[in-house]
Amino acid sequence: MSRVSAPCLLDRWTEENNAIVDKWKQHRDRGDAVTREQGLTLLKCCYVESHKLLQKIQGVLAVPAHVQLELTVVYNCCLFSFSQTQLTEAEHLLTHSLERALGAVGCDRPPPNPPVFWCMVLKSLGSTPSLRSCALHLLCLSWALWLSTCRLGHIQELQEELQSLSEGLGAVEVAVERSAVRPAVLVHPRDLKDLLLICTVIAQGAELLCEGRCSEALTVLQRDPSPLAPRELLAQIHTLIGLCLSRTGRPHSAMQCYRKALETDVRCVCALHQSILVYRQLGNTQAEIQALRLLHSVLMMPPATQPAVAPPIICPASLLPGQSLSSLLIVPSPLSVLHSLAQKCVLHGSVSEGVEHYLDLLAALQSDHQLSQGFSEAPSLPRLPELYLEAGSSLLTAQRPTDCLALCDEVISTTLELLPERLLLEEPMEASVPGSPDKLGLGQDRLGVVLWSGAAYLLQGHCYSHLKDWKQAVTHYTRCINLLMKVSVKQKGCVKLELGVRTLQRLKGMALAGRGISFTHRDQKRESLRDLQLSLQAAPGCASAGLWLTEVLWRLGRRQEAAAFWEKTQSSSTAPSLE
């Protein structure tokens, strides 16, 4: 059959299209009466039926009388394809059908360039109200496809046509309403257009922000959005505006935007995370700790239950897949937030709370079977031995030396088989010894293994000093020193090794100082003097070592030296810290 003009066939196809649309809309309006699985099954069924109908329509030559129906069915088919993430298929259907429509009205095939293609389509089909309506519907779909595939350049090139879409849709609706029988559409183009507008603002603003063009991004993001836009999208806009303001040196204005985002959508965790960064920038530690507590509690909440019905045909997430937006709205994992909260509490006076957070963190990692992997669950978290050492240090600060000893034993037993007999530092670093056990996957970080084990012995020495068991303190400080002495540096000044070497020297200095102080309490003054002097050579400026050296010199009767060293210590001293 080369040409079909029978009205009954046209009516039959229209009824079939409307039946598919009505079936989906009735399901959508039933709400909780059906399960989500049933909704997804129905969506797939409608997808198949609409494509079968389109195949029948396109199985005959395109004629002007059928163009409106064909383009409406294509609109619905593309929406169903969109719901199945068949974006390439939807784009092919759209382009092919518009080419058929142009051929039916006697126009040449347009070039593939999207701006030129669409200008020709709108010009050729615009003289007939019903066809212009269909063309605008499909332009909305192209807009959605460009957003979903991050082709913002096409949207920018057709900005005038897209901005006038609202007026065009309103005008053609009045003209088409007079028609007796209209093919039904799955989603009203006006509703789709409102969603596309706000998603385009977000996508363009995010891209400009990532390029460092904050002023331009701010101009784009401050366009008035539709009041009916989804709350999550409005919250994202407030968050992105806050990021613009924060990056242009206006942290207080940024905080106001983050508050608006949270007022709009209480689950906008990105705004809460950015608030924490602003508090940190402003030095408001107590507000930062409170916000960290809130962020952790929100992240630990169970996810919102999915609605019983199938998801919408086009959801905002499918229109905003870009890496720019994802990188801007990234939020740390619950365990990373818990780690930050534990650190802040310990460093700023809430030691007991910080200890509990550290213990919760370790328990969570163990329950997730992370210990056997050697890495914590997120790149932003330190390695597990470091977490154990941080927790141990906080336990000692909280006057719980016995618990600290137990955690340090875990680190020592875990790294024992990985410790090298000798370690020569050069660039590139030596690989792990062939055939050596590597339970934690740490073989490529042999210096790290030595530093972790050494720090564990150092902490144990501090624990025994706290318990006034000076003999055990000397023993554990000595183990730390002996272990660190196995490391020698061949290539000094190497950038890659600089941090590790500085940490090594600080550990040596603190272990020697701790053993020297322990010798002082055991009345072994000459051994104490030797270790304290070596400590200051390894880590110059250690205030506690300098004070104890002055004390030992005084006890040995070398009072003139003690007085001179006291003055030197008072003039400049900074206590090194273990990282």
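Residues numbered from 1 in each chain as written. Predicted model: local features only at pLDDT ≥ 70, side-chain atom pairs only at ≥ 80, totals over all residues. Heavy atoms only, no water.

Positive phi, normally seen in glycine, also occurs at Thr 85, with a value near 55 degrees. Judged by relative accessible area, which is 63%, Thr 85 ranks as exposed. A positive phi is found at Cys 150, a non-glycine position, where the angle reads about 60 degrees. Within the secondary structure, Cys 150 is located in the loop between α6 (129–148) and α7 (152–157). For Cys 150, a relative accessible area of 45% corresponds to the partly exposed category. (Buried < 20%, exposed > 50% of the residue type's maximum accessible area, 1.4 Å probe, protein only. Helix = DSSP H or I, 4+ residues; strand = E, 2+ residues; numbered from the N terminus.)

The first and last C-alpha atoms of helix α14 (residues 269–282) sit 20 Å apart over 14 residues, in line with the 20 Å expected at 1.5 Å per residue. Check the buried side of α14 and you find it contacts α12 (231–247), α13 (251–264), α15 (285–299) and α17 (323–328). Once α14 finishes, Gly 283 follows within two positions and takes phi at roughly 75 degrees, a positive value. (Expected span 1.5 Å × (residues − 1). Contact = heavy atoms within 4.5 Å.)

A word on helix α18 (residues 334–347). The end-to-end C-alpha distance of α18, which contains 14 residues, comes to 20 Å, matching closely the 20 Å that a straight helix rising 1.5 Å per residue would cover. The set of residues buried in α18 consists of Leu 335, Ser 336, Val 337, Leu 338, His 339, Leu 341, Ala 342, Lys 344, Cys 345 and Val 346. Structurally, α18 contributes buried residues whose contacts are with α14, α15, α19 (351–367) and α20 (384–397). Phi turns positive, to about 100 degrees, at Gly 349, one or two residues after α18.

Going through the model one piece at a time under the given rule, you end up with one aromatic pair. Measuring from centroid to centroid gives 6.0 Å for Phe 117 and Trp 118, while their planes differ by 80 degrees, and the two rings are edge-to-face. (Phe/Tyr/Trp six-rings, centres within 6.5 Å; stacked < 30°, edge-to-face > 60°.)

Taken over all residues, the pLDDT of the protein has a mean of 85, while the share at 70 or more is 86%. Below a pLDDT of 50 lies the segment residues 369–378, which in the model reaches 30 contacts outside its immediate sequence neighbourhood of four places, other chains included. Contacts from residues 574–579, a stretch scored under 50 in pLDDT, to residues over four places away or in other chains number 19 contacts. (pLDDT = per-residue confidence, 0-100.)

Empty space among the atoms becomes visible once a probe the size of a water molecule is rolled across them. In the structure shown here, the tally under the stated rule is two cavities of 30 Å³ or more. Here the second largest cavity is characterised by a volume of approximately 60 Å³. Together, ten residues line the second largest cavity, and Gln 68, Thr 72, His 137, Arg 182 and Pro 183 are the ones closest to its centre. Among the secondary structure elements, those contributing two or more residues to the lining of the second largest cavity are α3 (64–83) and α6. Considering each element in turn, the lining of the second largest cavity owes the most residues, four residues, to α6. Of the residues contributing to the lining of the second largest cavity, the split by class is four nonpolar, five polar and one charged. (1 Å grid on protein atoms, 1.4 Å probe; cavity = no way out; pocket = protein on both sides within 12 Å on 5 of 7 lines; lining within 4 Å. Points joined across faces, edges and corners; volume = space filled by probe spheres on them. Nonpolar A, V, L, I, M, F, W, Y, C, P; charged D, E, K, R; others polar.)

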